[in-house]
Amino acid sequence: MQTSFSGHETFPFRYGWLKKGVDAVSANPRFFSSDRAMIDLGVGKNMVKSIKYWCSATGLVESKKVADGRTEYEPTTLSDILLPDSGYDPFFEDPGSLWLLQWSIATNTDFCATWFFLFNHWHGTEFTKESLFQGLKTWLMKQGVTELSDQALKRDIDCCVRTYVTSRLTKTSVSDESFDCPLTELNLISEMADGRTYQFRRGEQRSLPDEILMFSIADFWERTGESARSLSLERLAYDPGSPGQAFKMDPESLVRRFEFISNSSQPAFTYEEFGGMKQVFKVEDHPAIHWIHKYFSN
């Protein structure tokens, strides 16, 4: 297993960071290694590294080695349709865009192993940073990742939690929304009264648009390499990297969403239950990206 536990420099991404980073590499593929990166982004050296990390972790840019051995970055298809000034949502003002970022992060083992573990392999409803540390360390050892310091893991866990939970400083004394990560708006994780226990908010996730849910289903289907016209509800709810895990939607919540989608005039997916088997059927074979276009063009 190849993964990274550094690069974010302990900063969750903030409002405006992703747009700035993508615009910069669109103009200059070597921007992040240029002398002007700090000046043009208006942040310190560590934050430049963090912006570079999060642009990759969210699937908005991809890197490649070029002939001289240096690394260049370029926007991805997702970035091209969302973030240009004429794009669908350049400033992430639509909740659908935030759910897309959550999907990218929660299914990304290369950059976000702690996030991936928390959403796909932690099956309790509550956790503390201490219990998450022990569970994550055990899981990584099983994956063959052993040469990693405890402090690096704990820093990664701190960053992961702050991706979803509003900081205490913001709650008490700072009103600047840019201090927190935009994904706090999804309310996927809440801090409990003791200040050390965190709880998932599971359910239908009503702010998750149907089209973005269908994008995640289609993307998951493509990643599994399944050619069958149906997948079990259990897989869509419980498999690592599935919509149910990434969005914390239990089977009952998925069924309610599928029943609504199935009743639409032209459903692309239908849900059926017979003989105790709960199956989702693919009616129309659209590529995953189709659903992003459909959502934003409505």
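Residues numbered from 1 in each chain as written. Predicted model: local features only at pLDDT ≥ 70, side-chain atom pairs only at ≥ 80, totals over all residues. Heavy atoms only, no water.

Q: Residues and numbers for helix α14 (residues 289-297), please.
A: Three or more residues of α14 are buried, namely Trp291, Ile292, Tyr295 and Phe296. Buried residues along α14 cover an arc of 125 degrees about the axis, so they all sit on one side. Among the structural elements, α4 (77-82), α5 (95-106), α10 (210-224) and β7 (269-274) are those in contact with the buried residues of α14. (Buried < 20%, exposed > 50% of the residue type's maximum accessible area, 1.4 Å probe, protein only. Helix = DSSP H or I, 4+ residues; strand = E, 2+ residues; numbered from the N terminus. Arc of directions from axis to C-beta. Contact = heavy atoms within 4.5 Å.)

Q: Can you explain helix α3 (residues 45-57)? Please cite residues and give values.
A: For α3, spanning 13 residues, the distance from its first C-alpha to its last is 19 Å, which sits close to the expected 18 Å at 1.5 Å a residue. Those residues of α3 lying buried are Met47, Val48, Ser50, Ile51, Tyr53, Trp54, Cys55, Ser56 and Ala57. Following α3 by one or two positions, glycine 59 has its phi on the positive side, about 75 degrees. (Expected span 1.5 Å × (residues − 1).)

Q: Before we move on, could you go through the sheet that holds strand β8 (residues 277-282) and cite the residues and values that matter?
A: A sheet is described by the order of its strands in space; here three strands give the open sequence β6-β8-β7, paired in antiparallel fashion. Each edge of the open sheet is held by one strand with a lone partner, namely β6 (230-232) and β7. Taken pair by pair, the neighbouring strands of this sheet meet at an average axis angle of 30 degrees, ignoring direction. By the bridge criterion, three bridges tie β6 to β8 in an arrangement that is antiparallel. Each residue of the ladder has a partner; that of leucine 231, found in β8, is valine 280. The strands that α10 touches are β6, β7 and β8; relative to β7, the one it contacts most, it runs at about 75 degrees. Lying on the sheet, helix α13 (residues 251-262) is in contact with β7 and β8; it crosses β7 at an angle near 120 degrees. (Pairing = 2+ DSSP bridges. Axes fitted to C-alpha atoms, helices over the stretch in contact; angles between N-to-C directions.)

Q: Describe the confidence of the model for the protein chain, with residues and values.
A: For the protein chain, the average pLDDT comes to 91, and 95% of its residues sit at 70 or higher. Confidence over residues 172-177 falls short of pLDDT 50; this stretch has two contacts with residues more than four positions distant or in other chains. (pLDDT = per-residue confidence, 0-100.)

Q: Summarise the side chain of lysine 19; cite the residues concerned and give the values.
A: Mapped onto the fold, lysine 19 is located in helix α1 (residues 17-27). Since its relative accessible area comes to 7%, lysine 19 is described here as buried. Among the polar contacts listed, one links the side chain of lysine 19 to the backbone oxygen of leucine 83, at a separation of 2.6 Å. The contacts of lysine 19, once residues within four sequence positions are left out, are Leu83, Pro84, Asp85, Pro90 and Phe91. (Polar contact = N/O pair within 3.5 Å; in protein donor to acceptor, adjacent residues only side chain to side chain.)

Q: Could you give an account of the nonpolar core, naming the residues involved and the relevant values?
A: Counting residues in hydrophobic clusters, the biggest one holds 92 residues, and the most contacted among them are Trp54 and Ile189. The greatest single-element share of this core, amounting to eight residues, is contributed by α10. Ignoring anything within four residues of it in the chain, the contact list for isoleucine 189 reads Leu118, Phe119, Phe127, Tyr164, Val165, Tyr198, Gln199 and Phe200. (Core = buried A, V, L, I, M, F, W, Y, C linked by side-chain atoms within 4.5 Å.)

Q: Describe in detail the layout of surface pockets, supporting the description with residues and values.
A: The method is simple in principle: a probe with the dimensions of a water molecule rolls over the atoms, and the space it marks as empty is what remains. Roughly 280 Å³ of internal volume is contained in the largest pocket. A total of three residues in the lining of the largest pocket trace back to one element, the largest contributor, which is α5. Its residues placed into classes, the lining of the largest pocket shows eight nonpolar, seven polar and one charged. Approximately 240 Å³ is the volume found for the second largest pocket. In terms of lining residues, the second largest pocket is bounded by 15 residues, among which Met214, Ser264, Gln266, Trp291 and Lys294 are the most central. Taken together, the elements giving at least two residues each to the lining of the second largest pocket come down to α10, α13 and α14. A class-by-class count of the residues in the lining of the second largest pocket yields six nonpolar, five polar and four charged. (1 Å grid on protein atoms, 1.4 Å probe; cavity = no way out; pocket = protein on both sides within 12 Å on 5 of 7 lines; lining within 4 Å. Points joined across faces, edges and corners; volume = space filled by probe spheres on them. Nonpolar A, V, L, I, M, F, W, Y, C, P; charged D, E, K, R; others polar.)

Q: Hey, could you go over unusual backbone geometry for me, with residue numbers and the actual values?
A: For threonine 10, which is not glycine, the phi dihedral falls at a positive 75 degrees. With respect to the secondary-structure elements, threonine 10 resides in the segment before α1. Taking relative accessible area as the criterion, threonine 10 reaches 30% and is therefore assigned partly exposed. A positive phi angle is found at lysine 248, which is not glycine, with a value near 55 degrees. For lysine 248, the location among the structural elements is in the loop between α12 (243-246) and α13. Judged by its relative accessible area of 0%, lysine 248 is buried.

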